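Summary of structural features
Now for the letters of each chain:
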Amino acid sequence: MTGPSLSALVPGMVDAGRVRQVTGLMDVTGRLTWFVGPGSSAVLLAFMPAEKLFLVDASTFMVSAGAFAWLGRTVTAGLAPAATSPSDHAELASEQAVPRALTVLRGHPRIGWTLALSGVGEFCSTVLTIGIPI
């Protein structure tokens, strides 16, 4: 359910020439996480208690949040050229509007709800992955 929704966001957020590349990269990373995540959890459970595994899982989310924050600042700053005066800044802002994720999601509320539901599903899947072997 989330794959098509994520793919629907791509054309509004990347150049037309990169849509296929970004969609492919998202597909590969999604497939890898569904394969590597549960397998690595099982291996780690053999060497550490479940409580510590939840801490490891939480730390990976913190690393992801930091990476997204860094990418948001770096990529957005790199897309817009520097303005020399306030009037130039206004012209650049109108010429090169960088799409923001929240703007795109507000324009497509069904996609936003699907992504939220996916997040809940991934949270529950993590709990099940760790809880079933216990």
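Quantities reported herein were computed from a predicted structural model and do not represent experimental measurements.

Focus on the overall build of the protein chain
- Looking only at helices and strands, the protein chain has six helices and zero strands in total.
- When its helices and strands are written in sequence order, the protein chain yields α-α-α-α-α-α.
- Sorting the 134 residues of the protein chain into buried and exposed places 10% on the buried side.
- Taking all contacts inside the protein chain whose residues are at least 6 apart in sequence as the whole, residues at least 24 apart take part in 53%.
- Total accessible area on the protein chain is roughly 10200 Å²; 69% of this is exposed by carbon and sulfur atoms.

With respect to a nonpolar patch on the surface
- A grouping of V28, L32, F35 and V36 is seen on the molecular surface, where their side chains present a nonpolar patch of about 410 Å² in accessible area.
- By the element assignment, V28 lies in helix α2 (residues 19-45).

A short note on the pattern of salt bridges
- Throughout the structure, instances matching the rule amount to one salt bridge.
- One salt bridge in this structure joins D27 and R31, with 2.9 Å as the shortest N-O distance. On the criterion of helical spacing, the pair formed by D27 and R31 is a turn pair, its members being four residues apart in helix α2.
- Looking at R31, the relative accessible area reads 59%, which means it is exposed.

Things to note about the confidence of the model for the protein chain
- Chain-level statistics for the protein chain give a pLDDT mean of 74 and a share of 71% at 70 or above.
- Averaged over each element, pLDDT in the protein chain is lowest for helix α4 (residues 86-95) (51) and highest for α2 (84).

About the cut-offs
- Residues numbered from 1 in each chain as written.
- Predicted model: local features only at pLDDT ≥ 70, side-chain atom pairs only at ≥ 80, totals over all residues.
- Heavy atoms only, no water.
- Helix = DSSP H or I, 4+ residues; strand = E, 2+ residues; numbered from the N terminus.
- Buried < 20%, exposed > 50% of the residue type's maximum accessible area, 1.4 Å probe, protein only.
- Contact = heavy atoms within 4.5 Å.
- Areas by Shrake-Rupley, 256 points an atom, 1.4 Å probe, with all protein chains shown as cover.
- Patch = residues over 30% accessible without salt bridge, like charges linked within 9 Å, V, L, I, M, F, W, Y side chains within 5 Å.
- Salt bridge = Lys/Arg side-chain N within 4 Å of Asp/Glu carboxyl O.
- pLDDT = per-residue confidence, 0-100.

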